[in-house]
Structure formats: structure tokens, C-alpha cells
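Structural overview
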Amino acid sequence: MSHEIDPVVQALALEAAIEQARKSKREGGIPIGSALVNDRGVVVALGHNLRVQNGDPTAHAETVCIRNAGRRRDWHTLTLASTLSPCAMCSGTAVLHRIPRVVIGENTTFQGREDWLREGGAGVHVLHDARCIELMTDFIRENPELWNEDIGVPE
């Protein structure tokens, strides 16, 4: 299983994820987006954080994206992109489905369980994308209570 990723595929995946994050923000939700693409960069599924919109604490961008992909047997050929470092739940979902490559827009505002992804055999590609950092920095500054609720920080 190759952890290499074509730079064009990586860019396409992240662009799709960023558009999903912006969509969530427009809906009044948490601006995190995700995309699942094949080895040619064709989008298989999209998702954005719907926790606020649906009142579902498990509706993080990556789990929504993977849910939207439906039943599949080709997980081991796909790349998952997320605008933010995936939390334990989302990392565990990617490991469970043996997704071999995970593209992360940024991990400076939140460090998820990238260690689980690596231990599960995935190649982790952190891009430190300025757009992703700005989306989350602005959101956390403007909505600290909502952000803390999303990541499980007690009152």
C-alpha cells in the first residue's frame, strides 16, 4: 500500500474539503470539511461538520464524508482529505476502513490523533494551509464555547 500521493490529487482533495468547510460556515456550523477521492482526484464523497446543524455530536466532517461514501470495498485505494487534523473518532473511522492516505489542511489550531492514523498504516500529509488555519483561527476566536463543545472540553 503506497503512501505516496500525486500533488495534483492532493490539491484537488484539499480544495474540495475547503469548499465543504466554507459551506459549513455559511450554514452556521463549524468550518471543517472533508473529501474522499480516488487515485485520479475524482471526488467519491464529500462531508462537512454538521454537529450544530443536525444536533449530532458524531457528525464531524470526516465521519459525514465517510458515511456519504456508502458501502464500499475500495477504501484501501482512496485518499481522505480534511481541513483540520482528525479527532480520535474520525481518525479511528479512517483506520477502521484502512484508508491509506490522509491529507490534513492544518494541525496548528487542533492536533488530532495523527498518531493513530500512522500506527494504523496511513500516510499522513500535513499541509499547513493558510486558508485552513485562518478558517479555524477566526472561528475559535469568534465562537470559543461552541468550539470547546465540539472537541469535548468541559465548561
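Up top is the structure these notes are about.
Residues numbered from 1 in each chain as written. Predicted model: local features only at pLDDT ≥ 70, side-chain atom pairs only at ≥ 80, totals over all residues. Heavy atoms only, no water.

**Observations regarding the environment of Phe139**
Looking at the secondary structure, you find Phe139 in helix 6 (residues 130–142). For Phe139, a relative accessible area of 8% gives the class buried. For the pair Phe139 and Gly29, spaced 110 residues apart in sequence, the C-alpha to C-alpha distance is 9.8 Å. For Phe139, the residues in contact, after removing those within four places along its chain, are Gly29, Ile30, Pro31, Leu146 and Trp147. (Helix = DSSP H or I, 4+ residues; strand = E, 2+ residues; numbered from the N terminus. Buried < 20%, exposed > 50% of the residue type's maximum accessible area, 1.4 Å probe, protein only. Contact = heavy atoms within 4.5 Å.)

**A short note on the pattern of salt bridges**
Pairing between side chains of opposite charge can happen when the charged atoms of each approach one another. Counted according to the given criterion, the structure contains eleven salt bridges. Taking the shortest distance from any N to any O, the salt bridge between Arg118 and Glu114 comes out at 3.8 Å. Of this pair, Arg118 and Glu114 both sit in helix 5 (residues 114–119), four residues apart, which is roughly one turn of the helix. For Arg118, a relative accessible area of 45% translates into the label partly exposed. Owing to a relative accessible area of 2%, Glu114 belongs among the buried residues under this scheme. Residue Arg141 pairs with Glu142 through a salt bridge whose shortest N-O separation is 3.6 Å. In terms of burial, Arg141 and Glu142 fall into one category: exposed. Through salt bridges with shared partners, a single ionic network connects Glu15, Asp129 and Arg131. (Salt bridge = Lys/Arg side-chain N within 4 Å of Asp/Glu carboxyl O.)

**Topic: helix 6**
Compared with the 18 Å implied by 1.5 Å per residue over 13 residues, the 18 Å span of helix 6 between its first and last C-alpha is a close match. Within helix 6, burial applies to Cys132, Leu135, Met136, Asp138 and Phe139. When helix 6 is viewed along its axis, its buried side chains cluster within an angular range of 165 degrees and face the same direction. Along helix 6, the residues that are exposed and aim more than 90 degrees away from the buried face are Ala130, Glu134 and Arg141. Where the residues of helix 6 are buried, they touch helix 1 (7–26) and helix 7 (144–150). (Expected span 1.5 Å × (residues − 1). Arc of directions from axis to C-beta.)

**Structural notes on empty space enclosed by the protein**
Taken as a whole and judged by the stated rule, the model has two cavities of 30 Å³ or more. As for the largest cavity, its lining consists of 15 residues, of which Ile32, His60, Leu84, Ser85 and Cys87 are closest to the centre. Listing elements by their share of the lining of the largest cavity, those giving two or more residues are helix 3 (61–69) and helix 7. A class-by-class count of the residues in the lining of the largest cavity yields nine nonpolar, four polar and two charged. If you add up the space inside the second largest cavity, you get close to 40 Å³. (1 Å grid on protein atoms, 1.4 Å probe; cavity = no way out; pocket = protein on both sides within 12 Å on 5 of 7 lines; lining within 4 Å. Points joined across faces, edges and corners; volume = space filled by probe spheres on them. Nonpolar A, V, L, I, M, F, W, Y, C, P; charged D, E, K, R; others polar.)

In short, geometric facts, not functional conclusions.
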